[in-house]
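Summary of structural features
Spelled out, the chains give:
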Amino acid sequence: MSGDVTVISGPTAVGKGTVVQALRELHPELWVSVSATTRSPRPGEVEGQHYLFVSDEEFDELIASGGLLEWALVHGTDRYGTPAAPVRAAVAAGRRVILEIEVQGARQVKANLPEVRTVFIAPPSWDVLRERLVGRGTETPEQMARRLRTAEDEIAVSREFDHVVVNDDLGTAVGQLVELLGL
Ligand code: 5GP
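Scope of this entry: the structure provided in the associated data block. (Residues numbered from 1 in each chain as written. Predicted model: local features only at pLDDT ≥ 70, side-chain atom pairs only at ≥ 80, totals over all residues. Heavy atoms only, no water.)

**Some remarks on the sheet that holds strand E7 (residues 97-100)**
Pairing is parallel across the open sheet formed by five strands, whose spatial order is E2-E7-E1-E8-E9. In this open sheet, the two strands that pair with only one neighbour each are strand E2 (31-32) and strand E9 (163-166). Across four bridges, the pairing between strand E1 (residues 5-9) and strand E8 (residues 117-122) is parallel. Bridged to Thr6 within E8 is Arg117. Against the sheet, helix H3 (residues 84-92) engages E1, E2 and E7, with an angle of about 150° to E7. Packing of helix H4 (residues 103-112) onto the sheet brings it into contact with E1, E7 and E8, and relative to E1 it is tilted by some 155°. (Pairing = 2+ DSSP bridges. Helix = DSSP H or I, 4+ residues; strand = E, 2+ residues; numbered from the N terminus. Contact = heavy atoms within 4.5 Å. Axes fitted to C-alpha atoms, helices over the stretch in contact; angles between N-to-C directions.)

See below:
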């Protein structure tokens, strides 16, 4: 599968969903993948629009049948994956495809589709992130060390991506994406 596929990824709570939402409002011609997940719908989430909400058994079946382009266990609880067939169909139809997924999944897509474009959405400053983690003062030293390690890991991971877009101002971040994608 070749074609124009862009993976938009980044750490938890960096606002990648908001960035992708703003991008698709500006460019409705983009085709944004709908993931399958084992987590329960949140209020207002629509089946088939926000996610395909599936059972654990259904997710196992998707993996076993090779139906997922990538998948990951997120926060140690729920599984999320990109159904492969709709992505293939969109690429075949000449659509520009966007996957908004977390970093483990981004790695898998890069390994499976080397020609994919990967974008890491980063927080305004890693230093600020670190300071916030340390400065909050509500965590035990162990918790703080763990959070710092996560932040370090995320910085390291960002280097694997083709592009890094800082999500400080939403409009600026979306503008950079538009430029990267040549829209
Ligand atoms: P949420 O439960 O808040 O909607 O999503 C949790 C995390 O899962 C977010 O970081 C989101 O980007 C990621 N995610 C959503 N769909 C997929 C997917 O299909 N594959 C992977 N690997 N991550 C996903």
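**Overview of the side chain of Arg79**
Looking at the element boundaries, Arg79 is found in strand E6 (residues 78-83). In terms of polar contacts, Arg79 uses its side chain to reach the side chain of Asp56, at 2.9 Å. Not counting the four nearest positions on each side in its chain, Arg79 is found in contact with Ala36, Thr37, Thr38, Asp56, Phe59, Asp60, Ile63, Trp71, Ala72 and Leu73. (Polar contact = N/O pair within 3.5 Å; in protein donor to acceptor, adjacent residues only side chain to side chain.)

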